[in-house]
Amino acid sequence: MTDAVRERYDRFAREEAPGRSALYEEWAAGVAADSEVRAVLARIPDTRRQPPLVFAVTRMLGAPLEGFEKWRAFLLAHSDEIVAECSARRVQTNEPLRLAPLLPVLSEIDGPIALLELGASGGLCLYPDRYSYRFVDTDGTLRAALDPDGGPSEVVLTSEVRGPMPPVRMPRIVWRAGIDLDPLDAGDPRDRAWLQGLVWPGETGREARIAAALDIVAADPPRMVRGDAGAEVAALAASAPPDATLVITTPGVLAHIPWASRHALIAQLQQLPARWITIDTPTLHDVWHPPVDADTWPGFVVAIDGKVRAAADPLGRWWEWRAGSPENRP
């Protein structure tokens with residue numbers, strides 16, 4: 001079993017961490033070469049043993065952001081607690097910057113909007129109306145700025161726009177709710193530490209952005225339901241205000257649902273009296289209109305009701321509007 005740990009962490013050190021987090025690269029390479037550390041990690045269930053999850057758990061519990069030897073000492077000293085916490089946790093990345101490529105799609109929908117997110121984690125993507133947006137060219141030149149009605153937000157989402165930019169406006173959200181297998185409380189110190197610990201060291205600005213977004217969510221918490229999206233979405237959707245347009249979003253969650261259940265959920269969403277906005281890899285499902293060529297498509301696909309609108313970075317760092325091309329017009 002420790003061989004599987006070595007292979008996973010060696011691959012992470014070679015292929016995933018470089019260019020994104022030098023510290024995680026060092027930690028993963030250290031794990032791959034250390035039999036005593038691998039023996040501890042082998043006690044964690046295979047589905048809870050991935051490097052970003054293990055590293056985030058150790059940080060949440062107090063591991064210093066220092067070299068491998070310091071991290072190793074912490075892991076060995078707290079092994080039982082780390083194994084238990086990893087066994088109960090799952091990666092719940094909650095990146096509000098994902099809202100940047102979704103904003104032009106939300107701008108197509110007349111308000112008021114009732115916003116429901118599946119896989120909501122801590123709910124940070126339920127507040128598109130509370131954040132400021134700065135859309136820039138590839139050289140960093142500002143193309144458009146948008147702030148909430150009350151003025152600039154503590155959370156500023158800066159995203160690169162490639163090619164033409166459609167009109168954007170601040171959505172009017174009157175109701176917000178989320179479903180998650182393990183919803184997080186933005187006001188709980190341990191849950192906050194968990195979400196901030198999921199940010200890799202070296203990802204400049206992300207941890208501060210998430211901390212500021214958590215403050216916004218904690219001040220006005222959404223309705224959060226614990227459970228499976230397929231089992232809970234119809235009832236929760238029915239509780240939305242009848243005079244608002246229900247918009248269901250699935251940014252990043254569908255990849256964690258097995259194929260058959262994923263398509264059953266998509267079919268369910270398509271039957272509800274709601275608009276459905278998603279950002280997914282091209283091969284994740286087959287409901288794109290028009291079909292997407294995964295071999296040539298850059299990044300993820302942003303769509304509304306299956307209709308393709310944009311290509312985008314999965315975390316929202318850049319996006320390219322595609323709805324103006326003849327094959328993608330509604």
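Residues numbered from 1 in each chain as written. Predicted model: local features only at pLDDT ≥ 70, side-chain atom pairs only at ≥ 80, totals over all residues. Heavy atoms only, no water.

Chemist: Mind showing me how you'd approach the overall build of the protein chain here?
Modeler: Secondary structure summary: the protein chain contains 11 helices and 11 strands in total. For 330 residues, the compact-globule estimate of 2.2 N^0.38 gives 20 Å, and the protein chain sits close to it at 20 Å. With the C-alpha coordinates of the protein chain rotated into their principal frame, the extents come out at 55 × 45 × 40 Å. Across the 330 residues of the protein chain, 54% fall into the buried class. Counted over contacts in the protein chain with a minimum sequence separation of 6, partners at least 24 positions apart contribute 69%. By element, 50% of the accessible surface of the protein chain is carried by carbon and sulfur atoms, the whole surface being about 14100 Å². The averaged location of the 46 negative side-chain charges in the protein chain is 1 Å from the averaged location of its 35 positive side-chain charges. (Helix = DSSP H or I, 4+ residues; strand = E, 2+ residues; numbered from the N terminus. Rg over C-alpha atoms; globule rule 2.2 N^0.38 Å. Buried < 20%, exposed > 50% of the residue type's maximum accessible area, 1.4 Å probe, protein only. Contact = heavy atoms within 4.5 Å. Areas by Shrake-Rupley, 256 points an atom, 1.4 Å probe, with all protein chains shown as cover. Lys, Arg positive; Asp, Glu negative; His and termini not counted. Charge placed at Lys NZ, Arg CZ, Asp CG, Glu CD.)

Chemist: Teacher, can you tell me more about the nonpolar core here?
Modeler: Counting residues in hydrophobic clusters, the biggest one holds 77 residues, and the most contacted among them are Y9, L41, F55, W71 and Y131. Every residue in contact with Y9, bar those within four places of it in the chain, is listed here: A28, V31, A32, L41, R49, Q50, P51, V54 and F55. Formed by 26 residues, the second largest nonpolar core is a distinct cluster that contains A177, A244, I248 and W276. (Core = buried A, V, L, I, M, F, W, Y, C linked by side-chain atoms within 4.5 Å.)

Chemist: So what exactly am I meant to see when it comes to unusual backbone geometry here?
Modeler: Most peptide bonds take the trans configuration, and most residues that are not glycine carry a negative phi. The omega torsion across G111 and P112 is 0°, close enough to zero to call that bond cis. Relative to the helices and strands, P112 is located in the loop between α7 (99-106) and β1 (113-118). A cis amide bond links H289 with the next residue in sequence, P290, at an omega value of -5°. Structurally, the position occupied by P290 is in the loop between β8 (275-280) and β9 (300-304).

Chemist: What is the right way to read the confidence of the model for the protein chain from this model?
Modeler: Caution applies to low-pLDDT parts of the model: their predicted coordinates are not meant to be read in detail. Looking at the protein chain as a whole, the pLDDT averages 93, with 98% of positions reaching at least 70. The model gives residues 326-330 a pLDDT under 50, and that stretch makes nine contacts with residues more than four places away or in other chains. (pLDDT = per-residue confidence, 0-100.)

Chemist: Sorry, what's going on with the sheet that holds strand β7 (residues 245-251) here?
Modeler: Backbone hydrogen bonds are what pair the strands of a sheet, in a parallel or an antiparallel way. Reading across the sheet, the 11 strands line up as β3-β2-β4-β11-β10-β9-β8-β7-β1-β5-β6 and stay open at both edges, with mixed pairing between neighbours. The open sheet terminates on both sides in strands that have one partner only, identified here as β3 (142-146) and β6 (223-226). Along the sheet, successive strands turn relative to each other by an average axial angle of 25°, direction set aside. Two elements, β8 and β9, share four bridges in a ladder whose sense is antiparallel. Residue I277 lies in a different strand from β9, and its bridge partner there is I304. Of the strands in this sheet, β1, β5 (173-180), β6 and β7 are in contact with helix α10 (residues 229-238), which crosses β5 at around 160°. (Pairing = 2+ DSSP bridges. Axes fitted to C-alpha atoms, helices over the stretch in contact; angles between N-to-C directions.)

Chemist: For this particular structure, what's the right way to read the environment of W175?
Modeler: With respect to the helices, strands and loops of the structure, W175 is situated in strand β5. Residue W175 is classed as buried on the basis of its relative accessible area, which comes to 15%. In sequence terms W175 and P222 are 47 residues apart; their C-alpha atoms lie 8.0 Å from each other. Leaving out residues up to four positions away in the same chain, W175 has contacts with I113, A114, L115, L116, L236, S239, A240, P241 and L246.

Chemist: In this structure, what is going on with the environment of G140? I would like to understand it.
Modeler: On the secondary structure map, G140 appears in the loop between β2 (132-136) and β3. What makes G140 partly exposed here is its relative accessible area of 47%. In sequence terms G140 and E160 are 20 residues apart; their C-alpha atoms lie 7.5 Å from each other.

Chemist: How should I be thinking about the packing of aromatic side chains in this particular structure?
Modeler: The relation between two aromatic rings is expressed through the spacing of the ring centres and the mutual angle of the planes. Counted according to the given criterion, the structure contains 13 aromatic pairs. Between Y9 and F55, the ring centres sit 5.9 Å apart and the planes meet at 70°, which makes this aromatic pair edge-to-face. Highlighted residues: Y9 in helix α1 (residues 2-16) and F55 in helix α4 (residues 51-60), separated in sequence by 46 residues. Note on F68 and W71: the rings are 6.0 Å apart at their centroids and 35° apart in plane angle, and the pair reads as tilted. Placement of both F68 and W71 in helix α5 (residues 68-77) is noted, with a separation of three residues, approximately one turn of the helix. Here F68 and W71 have matching classes, each one buried. An aromatic cluster is present here, built from Y9, F12, Y24, W27, F55, F68, W71 and W200 joined pairwise through their rings. Over the ring of W200 we find R20, and its NZ or CZ is 3.6 Å from the ring centre. (Phe/Tyr/Trp six-rings, centres within 6.5 Å; stacked < 30°, edge-to-face > 60°. Lys NZ or Arg CZ within 6 Å of the ring centre and 35° of its normal.)

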